[in-house]
Amino acid sequence: MLKVLRNRLYRIFFYSFTLGNFAEGLLVVTTPFLILRTTGSPAAVGIGLAAQTIGVLCALLPGGTLADRFSKIKIISLAYIFGSLSLMPLFLLDFVQHNIILLASCLFLFGVSTAIYGPISDSLTPDLVDESNLHRANSVESFSQRVGQGIAGPVAGGLLISLDAGAASYAIASLSLLLAAIIIRRINIPIRPTRDEDGQGPSWTSALRFLRKWPSFTLLLVWVSVAVMLQMGAKPVVNTTWADGYQGGSVVYGSALAIGAVTSLVTSIIIGNIGLPKKYVLCMILCWSIGSSSIIILLFNKSEIAFAVTFVVSSIFLTIGNIYWSTFMQKSIPRPLLPRMLSIDWFASLALVPLGAALAGFGLEHIGLEKMFLVLSTPVLFSGLIMMILMRRSVSVRE
């Protein structure tokens, strides 16, 4: 990892990227609490958070075209500034916090900004480091996300809420994004004209043509989206229901989340300091399968320790899988198509998360908690084995 950070341009990107992650992590904690305290309505919390998610989904695909027409650095910087401006009214204008329509509008715009700078930031990595160091760079970015979104941001947000100064989080997040925008503009790289394999400018038609030519890759995208739906949509609902059955369940859940974040951080460091396995694509699928299935441990042991163990196992293997996934995308997709394909990946994954949460709630009411453990674990585990077979043949043919 240190080898990558010796690269001045990448080091600048890392500082900017971490500030953006910190801003997002800060608001993950403070936003729902502030909405609840200012409006007194749990429904308003759902509206605000849904507005932010809708903003992300609305902007992902259009945002994927911007990197074809403008400098990635400028687009990321402007997206950070846009996100900063969308949050500032929540701090400066008290009436905005108390009006759920205005508040949701600001969060919607913030979601739009994250949908633009997120995928384009991912597509910028191959422009800053050589191919042999991609997995190290992706490990550094995973480290940044764990520090910003998983530890520093939530801890700072929780502290501000406890001090009854939660509204200041919007100002801090806004300033963090503004500083991120200033820092990333220090990167100067030549703007290369983008062309697809037919010599034309990239388009969504080119992206769809690429997916048709590699059907197993398309199937892998679908499989990943379902796995994310279960992990980010269904699993939190099931975990919350399980933890609620214990006295002090919120403490148990919060502690498990913290342990998982630290485990993921350490895993990112380790992966960044070892070489990329020769069969890293198969390793990626296997790790995702194991990580997504870890909740099955609770079928055999329902203690608080076992609950924490599921987060440790999940964090280790999902972190490895995510790092290798980013590397796989950056290595396998033609550079001109990368921003669009990353936007498709983000959209396909996030669009199913609300469905996962709804299905988990329905399943808990009709089949019970223990059967939901099986529903969350076994489909991804067994389908992952099939995906390993398909991708082994597909990757070997393309190589």
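Residues numbered from 1 in each chain as written. Predicted model: local features only at pLDDT ≥ 70, side-chain atom pairs only at ≥ 80, totals over all residues. Heavy atoms only, no water.

Caption draft 1: Up close: the nonpolar core. One finds Phe217, Leu220, Met284, Trp325, Phe328 and Met341 to be the most contacted residues of the largest nonpolar core, which totals 56 residues. Among the secondary structure elements, those contributing two or more residues to this core are helix H9 (204–213), helix H10 (215–244), helix H11 (249–272), helix H12 (280–292), helix H13 (304–332), helix H14 (338–351), helix H15 (353–366) and helix H16 (369–398). Excluding anything up to four places from it in sequence, Met341 contacts Ala207, Phe210, Leu211, Phe217, Leu221, Met329 and Ile333. If you look at the next biggest cluster of nonpolar residues, it comprises 51 residues, including Leu26, Leu107, Tyr117 and Leu134. (Core = buried A, V, L, I, M, F, W, Y, C linked by side-chain atoms within 4.5 Å. Buried < 20%, exposed > 50% of the residue type's maximum accessible area, 1.4 Å probe, protein only. Helix = DSSP H or I, 4+ residues; strand = E, 2+ residues; numbered from the N terminus. Contact = heavy atoms within 4.5 Å.)

Caption draft 2: Geometry of helix H3 (residues 42–69). Here H3 is 28 residues long and its end C-alpha atoms lie 42 Å apart, about the 40 Å a rise of 1.5 Å per residue gives. Maximum bend of H3: about 45°, positioned at Leu60, with proline Pro62 one to four residues after it. (Expected span 1.5 Å × (residues − 1). Bend = angle between axes of the 7 residues up to and from the residue.)

Caption draft 3: Examining the pattern of salt bridges more closely. The tally for this structure, following the rule as stated, stands at four salt bridges. One salt bridge connects Asp127 with Arg335, and the closest N-O pair in it is separated by 2.8 Å. Of this pair, Asp127 sits in helix H6 (residues 100–128) while Arg335 sits in the loop between H13 and H14; the two residues are 208 residues apart in sequence, bridging distant segments of the chain. Its relative accessible area of 17% is what places Asp127 among the buried residues. The salt bridge partner of Lys302 is Glu370, with a shortest N-O separation of 3.0 Å. Residue Lys302 is located in the loop between H12 and H13, and its partner Glu370 is located in helix H16; the two are separated by 68 residues in the primary sequence. On the basis of relative accessible area, Glu370 is assigned to the partly exposed category, the value being 42%. Through salt bridges with shared partners, one network takes in Lys72, Asp127 and Arg335. (Salt bridge = Lys/Arg side-chain N within 4 Å of Asp/Glu carboxyl O.)

Caption draft 4: The packing of helix H7 (residues 134–162) against H13, seen in detail. It is at 9 Å that the axes of H7 and H13 come closest, and there the two elements cross at 130°. Classified by the angle their axes make, H7 and H13 are oblique. Handedness of the H7/H13 crossing: right-handed. Contacts between H7 and H13 involve Leu134, His135, Asn138, Ser139 and Ser142 from the former and Thr319, Ile323, Ser326, Thr327, Gln330 and Lys331 from the latter. When its residues are assigned to classes, the contact of H7 with H13 shows two nonpolar, eight polar and one charged. (Axes fitted to C-alpha atoms, helices over the stretch in contact; angles between N-to-C directions. Parallel < 35°, antiparallel > 145°, perpendicular 65-115°, else oblique. Left-handed = near helix turned anticlockwise from the far one by under 90°. Nonpolar A, V, L, I, M, F, W, Y, C, P; charged D, E, K, R; others polar.)

Caption draft 5: Spotlight on the environment of Cys283. Checked against the element boundaries, Cys283 lands in helix H12. On a C-alpha basis, the gap between Cys283 and Asp130 in space is 22 Å, while along the polypeptide they are 153 residues apart.

Caption draft 6: Representation of unusual backbone geometry within the structure. For Asp164, which is not glycine, the phi torsion reads 60° and is therefore positive. Looking at where Asp164 falls in the secondary structure, it is placed in the loop between H7 and helix H8 (168–184).

Caption draft 7: Inspection of H15 at higher detail. For H15, with 14 residues, the first-to-last C-alpha span of 20 Å sits near the 20 Å given by 1.5 Å per residue. Taken together, the buried positions of H15 are Val353, Gly356, Ala360, Gly363 and Leu364. One face of H15 carries all of its buried residues, which in axial projection span an arc of 100°. Those residues of H15 that are exposed and aimed more than 90 degrees away from the buried face are Phe362, Glu365 and His366. Once H15 ends, the next one or two residues include Gly368, with phi positive near 90°. (Arc of directions from axis to C-beta.)

Caption draft 8: Up close: the packing of helix H2 (residues 8–39) against H8. Close contact between H2 and H8 brings their axes to 8 Å; oriented N to C, the two are set at 165°. Here H8 runs roughly antiparallel to H2, going by the angle between their axes. Handedness of the crossing formed by H2 with H8: left-handed.

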